[in-house]
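Spelled out from the first residue to the last, the chains are:
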Amino acid sequence: MALAERSADIRAEADLRATSRQAGDLRSVLFLTPVSTAVWLGMIAVAGAICLVSGLSWWWLPVFAYAVLALQELLAFTVFHRGLFPSTERVARVYQWFTIFLGDRADLAARGDLTEGLFDGDFDKSIEQATRDKYRRIVELLGLKPGMRVLDVGCGLGDFLAYLKSVGIDGTGLTLSPDQQRIVEARGIEAHVLDFRKPLPAKLAGRFDAVTLIGSLEHFCTSYQMRDRRGTDEVYANVFRSASEALKADTASGKVFSATLHSSASGGWTASDWLHAYSFHAHYSGLYPRIGDFDRLCAPWFEVEHLQDTTVDYQYSSIASSRHFGNFTVRWTARKIVAALLLLVVNPFAPWSWIYHLRRSWMWQFGGMDLEPRKARPAHALWYVHARRETARP
């Protein structure tokens with residue numbers, strides 16, 4: 001099996017060379033998020049009008065533009081519980097950011113995938129071994145066999161799907177990122193740009209033995225909804241409904257695997273903590289579910305068969321590898337510099353991505369680099385296996 005997996009990685013590398021230029025195309029930086037870019041340019045226009053009317057120097061333009069953005073943020077958090085920038089576009093933008101600045105090729109040996117590895121207390125493992133152990137464990141938990149089909153919601157660069165392919169399991173990936181879709185398809189795997197929060201398309205209904213959501217559910221809601229959780233409950237319930245609809249009626253598995261960071265914040269935050277939290281919102285456009293949400297919201301269709309805390313595994317993934325997405329150093333090139341400058345023009349949250357990156361906000365949520373943090377962790381990573389109920393609600 002190890003030889004088959006290694007051969008699959010080699011073929012994947014060859015395929016990805018052919019698509020890397022497409023994924024890093026600077027034109028996609030400009031045109032990936034048309035609505036968000038139009039809204040931001042409108043805010044810049046308002047700022048320009050203020051400069052003209054007041055007779056102030058054009059140096060004030062960015063100050064007023066970000067002041068208008070700040071007003072939008074205030075109203076979105078406190079009044080409307082939604083913002084002017086579409087969530088789907090913001091999620092696509094953040095994964096484009098990682099594609100550009102981290103890299104667009106599978107590299108399990110150096111950085112794992114875009115989630116965590118499974119160390120299980122053995123911190124002598126490489127990130128590659130921990131990632132493969134995670135994949136094997138997921139296959140085992142779902143009871144997958146060769147010839148079965150898996151729907152991977154939020155498939156990233158297709159690393160898990162490539163592993164499934166190497167062991168004879170068919171997979172289909174869903175993503176909000178056109179760049180990621182191209183990369184996954186270049187690996188010879190079916191992938192679609194599709195928002196799983198919307199009703200499941202008929203072409204996907206009843207096709208799969210299992211559904212996986214590995215690190216994707218954090219993006220299904222937005223931080224604007226943190227004070228009004230009724231909307232988030234509806235989103236997560238719809239996800240479980242769609243997952244149920246995607247499953248075959250007569251499969252031996254009939255399970256859903258979710259690996260998701262959950263909020264465990266207990267208050268007592270400093271100004272620095274709040275800056276980290278806002279950096280997460282601005283960079284990722286997501287909201288962590290609360291611990292216990294999934295147990296309650298999956299109930300009409302699934303029952304919880306397995307629950308596992310992998311917080312330390314996620315934290316250590318960024319310690320074990322300096323190339324892991326949670327704790328990496330950008331290797332600058334001329335192309336990346338141009339992309340960073342273009343993003344400042346088309347993405348109002350671009351500066352916050354760099355604040356998030358430079359302050360190592362990803363590690364903050366785990367308590368820093370210490371496996372036994374001095375303060376309570378604001379987030380916990382939980383694995384769920386949801387088994388379909390015999391009397392699942394339609």
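Check the entry above for the structure.
Below, the structure is looked at part by part.

Quick notes on the rules
- Residues numbered from 1 in each chain as written.
- Predicted model: local features only at pLDDT ≥ 70, side-chain atom pairs only at ≥ 80, totals over all residues.
- Heavy atoms only, no water.
- Salt bridge = Lys/Arg side-chain N within 4 Å of Asp/Glu carboxyl O.
- Helix = DSSP H or I, 4+ residues; strand = E, 2+ residues; numbered from the N terminus.
- Buried < 20%, exposed > 50% of the residue type's maximum accessible area, 1.4 Å probe, protein only.
- Axes fitted to C-alpha atoms, helices over the stretch in contact; angles between N-to-C directions.
- Parallel < 35°, antiparallel > 145°, perpendicular 65-115°, else oblique.
- Left-handed = near helix turned anticlockwise from the far one by under 90°.
- Contact = heavy atoms within 4.5 Å.
- Nonpolar A, V, L, I, M, F, W, Y, C, P; charged D, E, K, R; others polar.

One pass over the structure, following the stated rule, counts 18 salt bridges. A salt bridge links Arg-132 to Glu-128, with the nearest nitrogen and oxygen atoms 3.9 Å apart. With Arg-132 and Glu-128 both in helix α7 (residues 127–142) and four residues apart, the pair spans about one turn of that helix. Residue Arg-132 shares its accessibility class with Glu-128, and that shared class is buried. Its salt-bridge partner being Arg-149, residue Asp-170 comes within 3.9 Å of it at the nearest N-O pair. Here Asp-170 is found in strand β2 (residues 170–175), whereas its partner Arg-149 is found in strand β1 (residues 149–153), with 21 residues between them in sequence. For Asp-170, a relative accessible area of 39% puts it in the partly exposed group. One continuous salt-bridge network, built from bridges that share partners, spans Arg-149, Asp-170, Glu-190 and Arg-207.

Turning to the packing of helix α5 (residues 87–101) against helix α15 (residues 350–358), a few remarks are in order. Helix packing geometry: the angle between the two helix axes and the distance between the axes. For the pair α5 and α15, the least separation of the axes is 12 Å and the interaxial angle reads 60°. It follows that α5 is oblique to α15 by the angle criterion. Judged by the sense of rotation from one axis to the other, the crossing of α5 with α15 is right-handed. For the pair α5 and α15, the contacting residues are Trp-97, Phe-98 and Phe-101 in the first and Ser-353, Trp-354, Tyr-356 and His-357 in the second. Split by residue class, the contact of α5 with α15 holds five nonpolar, two polar and no charged.

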